[in-house]
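# Observations on the model geometry
Residues per chain, in single letters:
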Amino acid sequence: MPNYKQFLLPDLGEGLTEGEILKWLVAPGDAVTLNQPIVEVETAKAAVEVPSPYAGVVTAVHHSEGETVDVGAPIITFDTDPGDTAGGPAAAAGGTPAAAGITSPAAGITPPAATSAPAEVIPAALVANPPVDAAVEPGLIGGPAPGGRTSVLVGYGPKSSTAVRRPRKPSPEPPEPTQRQPMRIAGTAVGQSARVAAGAVAVLAKPPVRKLARDLGIDLTTLSATGRNGTISREDVERAAALLATAGLATAAAPRLQSAPTAPDGPVGVADPPSSRAGGVVASAFDPATREQRLPIKGVRKATAAAMVASAFTAPHVTEWVQADVTGTLKAVRTLRRLPDFAEVKVSPLLLVAKAVLVAVRRHPMINASWDEAAQEIVVKDYVNLGIAAATPRGLVVPNIKDAGRLTLPDLATLLAELTATAKSGRTQPADMRGGTITITNVGVFGVDTGTPILNPGESAILAFGAIRKLPWVYKGKVRPRMVTNLGVSFDHRLVDGQLGSQFLADVARILVDPMRTLVAWT
Amino acid sequence: MSVASSLGGQAGGGEVAGGLMGRAAPETSSVATSTTAGPELVQLLTPEGERVSHPDYALDLTAEDYRSLYRDLVLVRRVDVEATALQRQGELGIWAALLGQEAAQVGSGRALLPGDYAFPTYREHGVAYCKGVDPLKLLGLFRGVSHAGWDPHDHNFGLYSIVIGSQTLHATGYAMGIQKDGTEDAVIAYFGDGATSQGDVNEAFVFATVFNAPVVFFCQNNQWAISEPLERQTRIPLYQRARGFGFPGVRVDGNDVLAVLAVTRAALRNAREGNGPTFIEAFTYRMGAHTTSDDPTRYRLASDLETWKLKDPLERMKAYLVRSGMADAAFFAGVEVDADALAAHVRKGCIEMPDPDPLSIFDGVYAEPTALLAEERARFAAYLSSFADGPQADADSAAATAGGR
Amino acid sequence: MAPTTLAKAVNMGLRKAMESDPKVLVMGEDVGKLGGVFRVTDGLQKDFGEARVIDTPLAESGIVGTAIGLALRGYRPVCEIQFDGFVYPAYDQIVSQLAKMHYRSQGTTPLPVTIRIPFGGGIGAVEHHSESPEAYFAHTAGLKVVACSNPVDAYFMIRQAVVADDPVIFFEPKRRYWEKAELDESATPPPLHSATVVRPGDDLTVLAYGPMVRTALEAAAAAADEGRSLEVIDLRTLSPLDLVPVLESVRRTGRCVVVHEAPVFLGMGSELAARITEACFYSLEAPVLRVGGFDTPYPPSRLEEAYLPDLDRVLDAVDHAFAF
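Because the structure is a prediction, the values reported are computed rather than measured. (Residues numbered from 1 in each chain as written. Chains lettered and ligands numbered in written order. Predicted model: local features only at pLDDT ≥ 70, side-chain atom pairs only at ≥ 80, totals over all residues.)

## Things to note about the overall build of chain C
- Across its full length, chain C holds 12 helices and 14 strands.
- When the 324 residues of chain C are sorted by exposure, 60% land in the buried category.
- Considering only contacts within chain C whose residues lie at least 6 apart along the sequence, 78% involve residues at least 24 apart. (Helix = DSSP H or I, 4+ residues; strand = E, 2+ residues; numbered from the N terminus. Buried ≥ 20, exposed ≤ 12 C-beta atoms within 10 Å, placed from the backbone. Contact = placed C-beta atoms within 7 Å.)

## A word on the overall build of chain A
- Helix and strand content of chain A: 13 helices and 22 strands.
- Split into buried and exposed, the 523 residues of chain A put 37% on the buried side.
- Long-range pairs, those at least 24 residues apart, make up 62% of the contacts in chain A with a sequence separation of at least 6.

## Digging into the packing of helix α3 (residues 60-72) of chain C against helix α4 (residues 91-98) of chain C
Residue and element names in this part refer to chain C.
- Running from amino to carboxyl end, α3 crosses α4 at an angle of 25°, the nearest separation of the two axes being 8 Å. One finds that α3 runs roughly parallel with respect to α4. Contact with α3, carried on its side by Ser61, Val64, Gly65 and Ile68, involves Asp92, Gln93, Ile94, Gln97 and Leu98 of α4 and no other residues of that element.
- Of the residues in the contact of α3 with α4, the class split is four nonpolar, four polar and one charged. (Axes fitted to C-alpha atoms, helices over the stretch in contact; angles between N-to-C directions. Parallel < 35°, antiparallel > 145°, perpendicular 65-115°, else oblique. Nonpolar A, V, L, I, M, F, W, Y, C, P; charged D, E, K, R; others polar.)

## A look at the sheet that holds strand β2 (residues 117-119) of chain B
Residue and element names in this part refer to chain B.
- As summarised here, the arrangement of the six strands in space is β1-β7-β8-β4-β3-β2, forming an open sheet in which the pairing is parallel. The sheet terminates laterally at β1 (41-42) and β2, the two strands that pair on one side only.
- Taken together, the six bridges between strand β3 (residues 187-192) and strand β4 (residues 215-221) define a ladder with parallel strand orientation. Paired with valine 187 across the bridge in β4 is valine 215.
- Packing against the sheet, helix α7 (residues 166-181) makes contact with β2, β3 and β4, and its axis sits at approximately 170° to β3.
- Against the sheet, helix α9 (residues 238-245) contacts β4, β7 (249-253) and β8 (278-283), and its axis sits at roughly 170° relative to β7. (Pairing = 2+ DSSP bridges.)

## Description of the sheet that holds strand β3 (residues 31-32) of chain A
- Spatial ordering of the open sheet is given by β1-β8-β6-β3 (chain A), a layout of four strands whose pairing is antiparallel. The two strands at the open ends of the sheet, each matched to only one other strand, are β1 (4-8) and β3 of chain A.

## A look at the environment of Asn486(A)
Residue and element names in this part refer to chain A.
- Looking at the element boundaries, asparagine 486 is found in strand β22 (residues 478-492).
- In the structure, asparagine 486 is positioned 38 residues away from valine 448 in sequence and 9.4 Å away in space, judged by C-alpha atoms.
- Contact partners of asparagine 486, with chain neighbours within four places excluded, come to Trp321, Gln323, Asp449, Thr450 and Gly466.

## So, the interface of chain C and chain B
- In this complex, chain C contributes 31 residues to the contact, which on the side of chain B involves 34 residues.
- For the side of chain C that touches chain B, the secondary-structure elements that each account for two or more residues are α3 and α11 (304-307) of chain C.
- Split into classes, the residues belonging to the side of chain C that touches chain B amount to 16 nonpolar, seven polar and eight charged.

## Examining the environment of Thr4(C)
Residues and elements named next belong to chain C.
- Tracing the backbone through its elements, the reader meets threonine 4 in strand β1 (residues 3-5).
- Given 21 C-beta atoms within 10 Å, threonine 4 falls into the buried group.
- Here the alpha-carbon distance between threonine 4 and glutamate 179, two residues 175 residues apart in the chain, equals 7.9 Å.
- Other than its neighbours up to four places away in sequence, threonine 4 contacts Ala9, Pro151, Lys180, Ala181 and Leu183.

## Concerning helix α10 (residues 268-280) of chain C
Residues and elements named next belong to chain C.
- If you check α10, its first and last C-alpha atoms are 18 Å apart, about what 13 residues at 1.5 Å a residue would give, namely 18 Å.
- Among all positions in α10, only Met268, Gly269, Leu272, Ile276 and Cys280 are buried. Take α10 and look down its axis: the buried residues cluster within an arc of 90°, on one side only. Turned more than 90 degrees away from the buried face of α10, the exposed residues are Ala274 and Glu278.
- Those residues of α10 that are buried are in contact with α6 (134-138), β10 (204-208), β12 (237-239), α9 (244-253), β13 (256-263) and β14 (289-293). (Expected span 1.5 Å × (residues − 1). Arc of directions from axis to C-beta.)

## Things to note about the pairing of β14(C)
All names here are of chain C.
- Burial within β14 is extensive, with five of its five residues counted as buried.
- Of the strand pairs in this sheet, β13 and β14 are connected by four bridges, and their pairing is parallel. Counted as the bridge partner of proline 263 is glycine 293 from β14.

## What about unusual backbone geometry?
Residues and elements named next belong to chain C.
- In this structure, proline 240 follows serine 239 across a cis peptide bond, with omega equal to 0°.
- Of note, proline 240 is situated in the loop between β12 and α9.
- The backbone phi angle of histidine 128 is positive, close to 70°, even though this residue is not glycine.
- Examined against the element boundaries, histidine 128 turns out to sit in the loop between β5 (114-119) and α6.
- According to the C-beta neighbour criterion, histidine 128 is partly exposed, with 18 such atoms within 10 Å.

## Considering the environment of Leu358(A)
Residues and elements named next belong to chain A.
- Looking at the element boundaries, leucine 358 is found in helix α9 (residues 349-363).
- Residue classification places leucine 358 among the buried residues on the basis of 23 C-beta atoms within 10 Å.
- With 47 residues separating them along the chain, leucine 358 and glycine 405 place their C-alpha atoms 5.7 Å apart.
- Apart from residues no more than four positions distant in its own chain, leucine 358 is found in contact with Val384, Leu386, Ala404 and Gly405.

## As for the nonpolar core
- Val187(B), Val206(C) and Val257(C) are the most contacted members of the largest nonpolar core, which has 230 residues in total.
- By size, the runner-up hydrophobic cluster in this structure holds 60 residues, among which are Val345(A), Val359(A), Ile388(A) and Leu416(A). (Core = buried A, V, L, I, M, F, W, Y, C linked by C-beta atoms within 7 Å.)

## Some words on the confidence of the model for chain A
Residues and elements named next belong to chain A.
- Per-chain confidence: chain A averages 74 in pLDDT, with 70% of residues scoring 70 or above.
- In the model, residues 84-157 has pLDDT below 50 throughout and makes 123 contacts with residues more than four positions away in sequence or in other chains.
- This stretch, residues 181-200, has a pLDDT under 50; its non-local contacts, to residues over four places away or in other chains, come to 18 contacts. (pLDDT = per-residue confidence, 0-100.)

## Side note on the packing of helix α2 (residues 63-88) of chain B against helix α12 (residues 313-324) of chain B
All names here are of chain B.
- The geometry of α2 relative to α12 is characterised by a closest axis approach of 10 Å and an angle of 150° between their N-to-C directions. Judged by the angle between their axes, α2 and α12 are roughly antiparallel. You can see that α2 and α12 cross each other, and the crossing is left-handed. Counted together, Tyr66, Arg67, Leu69, Tyr70, Leu73, Val74 and Arg77 of α2 and Pro313, Leu314, Met317, Lys318 and Leu321 of α12 form the full contact between these two elements.
- Its residues assigned to classes, the contact of α2 with α12 shows nine nonpolar, no polar and three charged. (Left-handed = near helix turned anticlockwise from the far one by under 90°.)

## A look at the confidence of the model for chain C
- With 100% of its residues at a pLDDT of at least 70, chain C reaches an overall mean of 96.
- Interface confidence in the predicted complex, given as ipTM, is 0.90; pTM for the same model is 0.67.

As structure tokens, then:
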């Protein structure tokens, strides 16, 4: 039973890609033994004799002398089990018929001498698709290999490659970019700083998004992330910027919400429809004819506006400013961060501003009061519910820290962080916003120096904390670059006179100039 | 079997005339002398198969010994020829044939005791055979399924060194270790004529002589470093280089298995007895190409080859065995049968060598593995199993089919 | 203008260099009579003589060391290191001497030595014949390091390297030696130390050099079928790097994948990733990703296909870049 085996031109030396057939040493019909030289091939490096890998009878040679053949192309086919088809009277007695296409001896006729080459009679299919021997395992020479390749030879040669991709298994979701956990090397976590692990609000955003946020003056910590993999997307930033623009918050004016006493379940706690969340500004929604967009006044916006009007035109507002060298505050922040008590909490300049306000209030209690027109009384409070104005996806809210004056600094830091996180995720509750006694508005995060903040209704003072900038400053008699900020306080002139307001502001500034000494001396 | 006892002690420093060399070395040598055998060639069996004697090297072997040596020569050549054929057929990526150098390798290999350590280059298949390494283990390297197929400690046969000459320093260091252990083992370092130009080899000579290390430097001068002839590496016969470093050198007919055996034994004994290194230059010829991808017709004459064919190591032994009556036709037929059987074993084993698992790329990088590498391996494993047409995919679909019943 | 192989193109370039300047020498193992183990120096000794095409003793350190001496005497030696894995005996001469001479001599002693090294794998070879040691040299100040990827570059770059007054390590991708291209010797080549955009694209930048350029181009062709437009840049020069087209590209595409055969850890990809991140930070939609050999010694040749970056590995990295 004929067993045809093709022999493919191997790589005869270290990566060659083709060879020229110099001389055939056998011809179709020849019986060949194992290792018998069958052909001389010339490559780029040498002329080599190729020994036969099989014992059998040559069925066909596939290239003529002088032809150049690629490595891996079939050059000769053998029948390794010629049986009775080759030569001898035994064949004449009715030997096994040869495979289709081979000139086979008719019964009783001895086949002609071996020189005639029936090469052209080999079916094309046999040559084009070498019959892969099913008994050869994948990976061994002659066997199948993934991607439709055939393992030809050990040296491979520079393989001819194709621009075809191996098919992948369908995966449930697209490949997830792992924010790779750093490897532990000898017990230490490389690349992981303790501070990052300490409950701080870590914001995820791509570099181009961060730049955009900075350019637009958006604090990323106040945004919710809707981007892929928990990151803040470009759209999130653009939405926030639009919100600020339409709410008039690009200036120093501090919006605040109508306090709950008059409307317990007022618009404050109501979830606004999503469209108003972003201020409703959608770039594509402008009427092409008028190039205008009309947004209904309702919900948070409406309440904010009403409160603003009430406050602005009831209490006579006076605003004073002071510019302070707060290098000492930044130093204190660094110092505090290193203390064990503060290992788990976020220490920021805002924390120290809050502390300064609380200490200054203790020295000037009258600033922590309110004008009760109805009762014709000024209510001075012994407790400080310190409000912090926060920009959120739903607008500006002013939650307050209850009884902040009695908190230790670490506790104050913790509550400040919680307040900010809650506000940022839009979960501030009405109770949080009730009963504030004095407020800080941090306009510095927008890159703004100061302004004329409007009082939170029911309060008599509001402090605007501006951006901290490196500016030339006369320090110890010389002009030095120092970290400088502006503090502005608006107060209700009905109960806070100029002296009180000024002293309060001056105290706040003095504390921030030298927090360590003043806090020791004054608390 | 005894070795001629003209092993005069080597005085510390100074002249090394006498001792192994038997007589003073010639003053100078021209380039011509470096490439021709010259009068200093130790020989015990002429190319015609005539047994001769040498004043410094006696060899007393039994008939069985002579037959055994011949059998080794035949088997070693047979494996080499088979491997060359396997390469031509695409079963090996490359093969470095030792054709013509059988006597140099068998003669020296048979001189080694089991405790002696051999540091080969990449052509010492004959020495490997003598040391008991299965030839199939060598083929794995040339087939590309492994970098080395054997544990060097199994037979005291080192891993093949493809970087030229580096193994001579290793051999010297190993010999220094033997010194510290105080045993009677010795080391043999193999290298070629080309290697003597490498810095590492010359440094090895320095270290070996300075520390008096028990190492035999066995140079198979097969006259060629790929296409470069001996003149490109030296102006003096190689065995005379040793003198400049301060240790004895001897040139032996590399195609004479008896002479090689005798000289190597003497040198090893010298080492064992604490007399330090010896340089043996086995003067032979690379009958084949440098490796299977080399074409020697580009740089050497066919007539050279013809000259050396007349010095064939196997032919002279066969002639001697026949003429002396120590072997008969049955013996020679038996040797051929053994050779064919060994060749068949090598062929079958080679073709059946499985491809290694891709993940084995990561095996054995370190004695103490690292976490980073483990992570890399895991990622690669996940990557490999992500393909729809891979073996893992087949396993998955097979499992799915089975589960569906 | 017949199609020329890369090996032949280097041969032609060397010939031209030797014709142009009688001080140019070629030296190395088997370069003369044999014409080189890849036939790159074929025919040169016959035409230029043994004094100018030198078969050296078998000692890489000796080759480079004596080349330095020849350069000091006014010659322009072109050394051949037969295979990448054999350059290490010469490493001391290259790094301690060749690289530093100009600096130490305050510019009075340039060493215009070119060292040609066939590098990279993919030819199914035994140990030490498939290394990618370019980072060791690029890391060394005082050396210039280049890698051609195709016959046209091979022809012009070898000529440019020979006439350069600085020492040049000239890497040739041995697996590409027999690939062909049309070579027009009269064309005007780009400067030696310049990178080339070999395939324009919009979505992601692929950086490659030497043998991986072709792999990158094949990956880009396959990616195009998937609707992704990859820009492929052939770096060509590893030291100094030409980052101008690279940065312009990444600022446009926002994503980058670097491919090389050398192991990833501390390979050329590391330097490129750092510099691109620094210069294009605000444009990056994903970190710069690197595809390279694993951090193991080069494996036996039956495993090299798994080890070397191929089209699928490149596209896998591209997929990851788009997942950010």
